[in-house]
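Below, each chain spelled out in residue letters.
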Amino acid sequence: MAHQDEPSQSAAVKSSPVLLAVVWLWVAIPFAYGLYELAMTSRKLFE
Amino acid sequence: MGFLDRSRIIAGPGWNRWLIPPAALAIHFSIGQAYAWSVFKTPLEKALDISGTASALPFQIAILVLGLSAAFGGTLVERKGPRWAMFVSLVAFSSGFLIASLGVATSQYWLVIFGYGVVGGIGLGIGYISPVSTLMKWFPDRPGMATGTAIMGFGGGALIASPWSSQMLSSFGSDTSGIARTFLVHGLAYAAFMTLGVLLIRVPADGWRPAGWVPREETGKQLVTTANVSAKNAVKTPQFWLLWIVLCMNVTAGIGILQKAAPMIQDFFQDTDAPVSATAAAGFVALLSLANMTGRFVWSSVSDMIGRKNIYRLYLGAGALLYLTILLGKNSSTALFVVAAMVILSFYGGGFATVPAYLKDLFGTYQVGAIHGRLLTAWSVAGVAGPIIVDAVADAGKKSGNSGPGLYAVSFYLMIALLVVGFIANELVRPVNPKFHEPEPVASAEQAAPAEQGEAQDKKDEARDEQGEARDEQDEEGGADGVPAEKAVPAEKGKG
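Residues numbered from 1 in each chain as written. Chains lettered and ligands numbered in written order. Predicted model: local features only at pLDDT ≥ 70, side-chain atom pairs only at ≥ 80, totals over all residues. Heavy atoms only, no water.

Caption draft 1: Quick look at the overall build of chain B. The helix and strand tally for chain B stands at 19 helices and zero strands. Relative to its full complement of 496 residues, chain B shows a buried share of 62%. Expressed as a percentage of contacts within chain B between residues at least 6 apart in sequence, the contacts between residues at least 24 apart total 85%. Accessible surface, chain B: about 16,600 Å² in total, of which carbon and sulfur atoms supply 64%. (Helix = DSSP H or I, 4+ residues; strand = E, 2+ residues; numbered from the N terminus. Buried < 20%, exposed > 50% of the residue type's maximum accessible area, 1.4 Å probe, protein only. Contact = heavy atoms within 4.5 Å. Areas by Shrake-Rupley, 256 points an atom, 1.4 Å probe, with all protein chains shown as cover.)

Right, here's the structure in full:
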């Protein structure tokens, strides 16, 4: 087991902008789908 | 297990903290599916010939188990770390769907209840609290926003799951075979989606701080402590139970509207020139969901600026006034009703999302996840109390011949009373008595309860880290409580 004070090798990898974009898209795409469906339903209140 | 061990997920120097919210969201967007269970109710009732009460059981048990597993599993989550907790959540939540799938395929409904309710419920509870303390460690400058993001995800999960599940049922069919396949796909898809959280989650290295961020000097103003309180001790403090009341009252008041939203708006305006149709009522429910979710992020972020106590004053005080506005406005304006209900629901969501940061302010980050888990029992109580109050009063009103806004008048007055109780409880919150504080970070780990002694080394390291982070909020509360400076333990004291 690695010592607490020293980051493990796997965790020490620097995060890239690509990784940042990919992981945010991973959660943003389903969320956008949910929001879109919600907006479609919400419109019914004003019809 | 090595891969899941806390020591394997300590972030290196280049790790971007903005990778942590997606990890948390991957978990919360998934487990938030629980609030979309209603999509399965009618198909299950028809396919398995069960009652409406029976079809609600998996959800009700899941929420009950959520509260229990968060309450009793919180300390374990703190000890094992967020990757372990997320992995357990993934396995339990996905397995729950797979077991439920088997139950439907074999027409053994008890397997659906056991799978989705019990096994899946464990996934909900452990998953719900899994990223909370980690997010606050990564965002010591914005703990409200950080936890608000994750808890917003729980609200957002239903938005995603509801249309997705409906479309899948349409494709596979609503018979036993179709439902079983839908559950199977849900289990596999959520396992894949949650894997991102398990792989991505990291804890900050010892002494890490955000770039350019300097903890503010202690002013000794407030509620925000630099000391730490264990979960075991936290439940002995009046502050914990006052916050329990605050959360319970706030949630009860929100659920009162949320669970009856569609019939309520129709009842309110049925005798007017502009009655609300069932279709329009569905739109109203959707808007409330949006307000609930948005409130989680917006209000918890605002709490970082104005302080936790002040934001709960807003939730509870303004919430009571908004209920009163609806009561006085009766059915004069649909817009007024809709806007007031949306703001109330945003406070409901905000109350959930801000409470972890409030707990951090009072008890420190030492075992905040475990304390949060115990506090969630207030949610379980409110989840039962809120609907019972509104349903019982509305039913009694119908029997006595009431209609329109009159059906809900008593319920709303009760909600106002509950919010006032919560407001008073919030006013009574004071800093935690130092006798409950862990004496020293190092000592605190060594003097931990017997069950916790095995991880004493982990806690030493954690406590050193956390002490450094707790200081920044010292003067964010706006001087509301006038806490003597000596009540807080200086951060440096724990650095040695």
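Caption draft 2: Highlighting the packing of helix α1 (residues 17-42) of chain A against helix α12 (residues 278-306) of chain B. Interhelical geometry of α1(A) versus α12(B) gives an angle of 140° and a closest axis separation of 7 Å. Of the possible angle classes, the one that applies to α1(A) and α12(B) is oblique. For the pair α1(A) and α12(B), the sense of crossing is left-handed. Where α1(A) approaches α12(B), its residues A:Phe31, A:Leu35, A:Leu38, A:Thr41 and A:Ser42 are matched on the opposing element by B:Ala282, B:Gly283, B:Ala286, B:Leu287, B:Ser289, B:Leu290 and B:Met293. (Axes fitted to C-alpha atoms, helices over the stretch in contact; angles between N-to-C directions. Parallel < 35°, antiparallel > 145°, perpendicular 65-115°, else oblique. Left-handed = near helix turned anticlockwise from the far one by under 90°.)

Caption draft 3: The arrangement of the environment of B:Ser89 in detail. All names here are of chain B. In this fold, Ser89 is placed in helix α4 (residues 82-105). It is 9.6 Å that separates the C-alpha atoms of Ser89 and Val119, two residues lying 30 residues apart in sequence. In this structure Ser89 touches Ile27, Ile31, Ser94, Gly123, Ile126, Gly127 and Met194, once residues within four positions along its chain are discounted. Among the polar contacts made by the side chain of Ser89, one reaches the main-chain carbonyl oxygen of Gly123 at a distance of 2.8 Å. (Polar contact = N/O pair within 3.5 Å; in protein donor to acceptor, adjacent residues only side chain to side chain.)

Caption draft 4: Examining the pattern of salt bridges more closely. All names here are of chain B. For the coordinates displayed, the defined rule picks out six salt bridges over all chains. In this structure, Glu45 and Lys41 form a salt bridge, with 3.6 Å as the shortest nitrogen-oxygen distance. One end of the pair, Glu45, and the other, Lys41, are both in helix α2 (residues 38-48), four residues apart, so they sit about a helical turn from each other. The partly exposed category is assigned to Lys41, whose relative accessible area is 22%. Measuring nitrogen to oxygen at the nearest pair gives 3.9 Å for the salt bridge that ties Asp141 to Arg142. Residue class for Asp141 comes out buried when judged on its relative accessible area of 17%. By relative accessible area, which is 32% here, Arg142 ends up partly exposed. Residues joined by salt bridges that share partners form a network here, namely Arg17, Asp141 and Arg142. (Salt bridge = Lys/Arg side-chain N within 4 Å of Asp/Glu carboxyl O.)

Caption draft 5: Representation of a nonpolar patch on the surface. Residue and element names in this part refer to chain B. Together, Leu321, Leu324, Leu328 and Tyr413 make up a nonpolar patch on the protein surface, roughly 430 Å² of accessible area in all. Along the chain, Leu328 falls in helix α13 (residues 308-329). Since its relative accessible area comes to 64%, Leu328 is described here as exposed. (Patch = residues over 30% accessible without salt bridge, like charges linked within 9 Å, V, L, I, M, F, W, Y side chains within 5 Å.)

Caption draft 6: Here's a closer look at the layout of surface pockets. Its volume calculated, the largest pocket comes out at about 1,500 Å³. Lining the largest pocket are 45 residues, and of these B:Tyr35, B:Ser38, B:Phe59, B:Leu258 and B:Gln259 lie nearest its centre. When residues of the lining of the largest pocket are traced back to their parent elements, those giving at least two are α1 of chain A together with α2, α3 (52-80), α7 (143-172), α10 (238-258), α11 (261-268), α12 and α16 (377-399) of chain B. Looking at the lining of the largest pocket, the element that brings in the most residues is α12(B), giving eight residues. Its residues assigned to classes, the lining of the largest pocket shows 28 nonpolar, 12 polar and five charged. Shared between two domains, the lining of the largest pocket takes at least three residues from each, and those domains are domain 1 (2-200) and domain 2 (231-434) of chain B. (1 Å grid on protein atoms, 1.4 Å probe; cavity = no way out; pocket = protein on both sides within 12 Å on 5 of 7 lines; lining within 4 Å. Points joined across faces, edges and corners; volume = space filled by probe spheres on them. Nonpolar A, V, L, I, M, F, W, Y, C, P; charged D, E, K, R; others polar. Domains from an automatic or database assignment.)

Caption draft 7: Main features of the side chain of B:Thr147. Residue and element names in this part refer to chain B. Positionally, Thr147 belongs in helix α7. A polar contact is formed between the side chain of Thr147 and the backbone oxygen of Gly144, at a distance of 3.4 Å. Beyond its immediate chain neighbours, meaning those up to four positions away, Thr147 contacts Val132, Leu135, Met136, Ala353, Pro356 and Ala357.

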